[in-house]
Structure formats: C-alpha cells, structure tokens
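A structural walkthrough
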Amino acid sequence: MVKKQKRLLLWCVIILALVAGVAILLPPLYTDCRCRPKNVRCMSNLKMIYTALQVYAWDHDGWLPPEDGVGGLSRLVQGGYLDDLSVFNCPVTGTVFPESLTDETCDYIYRGGGRLSEEKSIVLTDKSGNHPEGRCNIFYSDGTSEFNSRSVPDGE
C-alpha cells in the first residue's frame, strides 16, 4: 500500500511540474497574440502613407517630399494625398486621433528627399518605443517592408 501511495505522489508531482511549466510559457505567447493585430494595422498605416508618397512622387517627376519627418508628411495632407490623420498613429501606442500633424501626434518617422527608386533605402519607420521589445516596422523605397526585431537608429 505504501508503494502505491509513493507512486501516486510521484505522478502528482510530475503533473504539477508539467502544469507549472505550461503556465510559465503561456503569458508571452498570449501577449504576442494580442499585439499581432495591432502590428498588422500599424503596417497597414505605413503602407497607406507609402502609397500616398508614391502618388506624390508620380505627380512631382519622381521626387519625394524634401523635408524629413512631419514636414514631408504634411505635404501629403496639404496636397490631398491623405485626408485621414489617424493613419499617422500607430495602434500599439494608443495615441489619440490628432487634430493636426505635429512631431508629438505622428508615430512614424519619414526620411525625406530624393527620388522614389528601386534602390533599397529606408523611407518610413516607427518611432522608437512604438512596439514592445524594441521592434519596429520599416518601409523601404523599393516598396518592401518588414517587422524588424530591432530599433532602427536615426542615422541608418
């Protein structure tokens, strides 16, 4: 009888260890699943801004707005290429819908100037801190994009 109790106790300890192991692994997976739809919406915002930049370039002999940051993005709004200012907010940050486009209300960084080309250079990125764990969305001049596992330095 004592042998059966020891075996039962051993099985209980093993099952408890397995449950504890699963409980430790679930929170990071749950957090990642909750953030994924917001990351997709963020990338969609960048795609809309990039598309507006393409149309702007087509209308200006291939040239992108010359100013970096909000100055260049404001040309898209002023020119009627984008009329919904909410596309300048990353859904992950929870920034409130802006009434005007400023450095504080825009969650993205535009690296302006130059021509729209097939060369792969960074055009749009998230601001540092938009996404957890230092990740960021990056949009390149050739139309490709990625969700990178590191923040992009300002000089890159």
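Look up: the structure comes first, before these words.
These numbers were taken from a predicted model, which means no experiment stands behind them.

According to the stated counting rule, one finds 1 salt bridge in the structure shown. Residue Arg75 pairs with Glu67 through a salt bridge whose shortest N-O separation is 2.8 Å. Overall, Glu67 belongs to the partly exposed group, its relative accessible area being 30%.

Examined bridge by bridge, strand β3 (residues 136-140) and strand β4 (residues 145-148) share 4 bridges and lie antiparallel to one another. Within β4, the residue paired with Cys136 across the bridge is Asn148.

Checked against the element boundaries, Ser141 lands in the loop between β3 and β4. Under the relative-accessibility criterion, Ser141 is labelled buried at 4%.

Note on placement: Asp126 falls in strand β2 (residues 122-126). In this structure the side chain of Asp126 is engaged in a polar contact, spanning 2.6 Å, whose partner is the backbone nitrogen of Asn137.

Once that is clear, we can look at the environment of Asn39. Tracing the backbone through its elements, the reader meets Asn39 in helix α1 (residues 2-59). Residue classification places Asn39 among the buried residues on the basis of a relative accessible area of 12%. Linking Asn39 and His131, residues 92 residues apart in sequence, is a C-alpha distance of 8.1 Å. For Asn39, the contacting residues outside a window of four places in its chain are Val92, His131, Asn137 and Phe147.

Right, let's get into helix α2 (residues 70-78). Of the positions making up α2, those classed as buried are Val70, Gly72, Leu73, Ser74 and Leu76. Where α2 terminates, the next one or two residues include Gly80, which has phi positive at roughly 80°.

Calculation notes
Residues numbered from 1 in each chain as written. Predicted model: local features only at pLDDT ≥ 70, side-chain atom pairs only at ≥ 80, totals over all residues. Heavy atoms only, no water. Salt bridge = Lys/Arg side-chain N within 4 Å of Asp/Glu carboxyl O. Buried < 20%, exposed > 50% of the residue type's maximum accessible area, 1.4 Å probe, protein only. Pairing = 2+ DSSP bridges. Helix = DSSP H or I, 4+ residues; strand = E, 2+ residues; numbered from the N terminus. Polar contact = N/O pair within 3.5 Å; in protein donor to acceptor, adjacent residues only side chain to side chain. Contact = heavy atoms within 4.5 Å.

That's the geometry; what it means functionally is another story.
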